[in-house]
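One letter stands for each residue in the lines below.
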Amino acid sequence: YAVAEMLSALRAWADKEKVDLDSTFLWLCWVCNNQRALIIDKEYKDLSSTFADRLKSIGRMLIVLNTYKNPVYVKRVWTIFELWTASTDKNVTVTMTLPDHVKTDIAKESVGVITKNLKDIDAATAEASDPRDEDSIKTKIRRASGGFDGVNKVAKQLLGQSLCTMITELIEAAQVG
């Protein structure tokens, strides 16, 4: 994601949730996990339990989409798996945010286009940068209750609910303005 998109999305989330920026900290798995060992040194390490442990201790997951049309988020098997992992723990709250320019785009779109993008979510065709990672995650998904269909269903439901909430907020804001 572009830094400007990430900052815009995080700012929108912080404003909506009334987050105290001086006392709130983010754990970004792609920053906090040792990506150097994975990418540069080519050392493989299954980070799924690390992610699950951190998620459980934090109790919240914030999804940042770069767009709602074919977002990078649903093309990566890791992020779909992370969303499913969060859904399996009733003590974890999942929230989604978007950069401001994407909210403007959504306000102009039809429901058909939005639902088509949700239908296209498929963990079986999602990818990881490291083939070993992809194989490991997909093996976990195959073994999970419901397999790929179950994981896809959860991802579609959670992202769909989040988009519906966001659209409702946009409609309410337009009525006030």
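Residues numbered from 1 in each chain as written. Predicted model: local features only at pLDDT ≥ 70, side-chain atom pairs only at ≥ 80, totals over all residues. Heavy atoms only, no water.

1. A few points about the overall build of the protein
Phase 1: Tallying secondary structure elements over the protein gives 9 helices and 2 strands in all.
Phase 2: The order of α-helices and β-strands along the protein, N terminus first, is α-α-α-α-β-α-β-α-α-α-α.
Phase 3: In terms of its C-alpha atoms, the protein occupies a principal-axis envelope of roughly 50 × 40 × 30 Å.
Phase 4: Sequence separation of at least 24 residues holds for 78% of the intrachain contacts in the protein that already meet a minimum separation of 6.
Phase 5: Carbon and sulfur atoms form 54% of the exposed surface of the protein, whose accessible area is close to 10500 Å².
Phase 6: For the protein, the distance from the average site of its 24 positive side-chain charges to the average site of its 24 negative ones is 3 Å. (Helix = DSSP H or I, 4+ residues; strand = E, 2+ residues; numbered from the N terminus. Contact = heavy atoms within 4.5 Å. Areas by Shrake-Rupley, 256 points an atom, 1.4 Å probe, with all protein chains shown as cover. Lys, Arg positive; Asp, Glu negative; His and termini not counted. Charge placed at Lys NZ, Arg CZ, Asp CG, Glu CD.)

2. Digging into the pattern of salt bridges
Phase 1: The full count for this structure, using the stated rule, is 4 salt bridges.
Phase 2: Its salt-bridge partner being E169, residue K16 comes within 3.0 Å of it at the nearest N-O pair. Here K16, found in helix α1 (residues 3–17), pairs with E169, found in helix α9 (residues 147–176); they are 153 residues apart in sequence, far enough to count as distant.
Phase 3: We classify K16 as partly exposed; its relative accessible area is 41%.
Phase 4: Look at E169 and you get partly exposed, because its relative accessible area is 29%. (Salt bridge = Lys/Arg side-chain N within 4 Å of Asp/Glu carboxyl O. Buried < 20%, exposed > 50% of the residue type's maximum accessible area, 1.4 Å probe, protein only.)

3. Considering the packing of aromatic side chains
Phase 1: Within this structure, the stated rule accounts for 2 aromatic pairs.
Phase 2: With centroids separated by 6.1 Å and ring planes inclined at 75 degrees, the aromatic side chains of W78 and F81 adopt a geometry described as edge-to-face. Placement of the pair is W78 and F81 together in helix α5 (residues 77–87), with a separation of 3 residues, close to one helical turn. Of the two residues, W78 and F81, neither departs from the other in class, the shared state being buried.
Phase 3: An aromatic cluster of three or more residues is present, and its members are W78, F81 and W84. (Phe/Tyr/Trp six-rings, centres within 6.5 Å; stacked < 30°, edge-to-face > 60°.)

4. Things to note about the layout of surface pockets
Phase 1: Roughly 180 Å³ of volume is contained in the second largest pocket.
Phase 2: As for the second largest pocket, its lining consists of L7, L10, R11, W13, A14, V19, L21, T24 and L26. (1 Å grid on protein atoms, 1.4 Å probe; cavity = no way out; pocket = protein on both sides within 12 Å on 5 of 7 lines; lining within 4 Å. Points joined across faces, edges and corners; volume = space filled by probe spheres on them.)

5. Comments concerning the confidence of the model for the protein
Phase 1: The share of residues in the protein with pLDDT of 70 or more is 92%, and the mean pLDDT across the chain is 85.
Phase 2: For the protein, helix α3 (residues 35–39) is the element with the lowest average pLDDT, namely 65, and helix α8 (residues 131–143) is the one with the highest, namely 93. (pLDDT = per-residue confidence, 0-100.)

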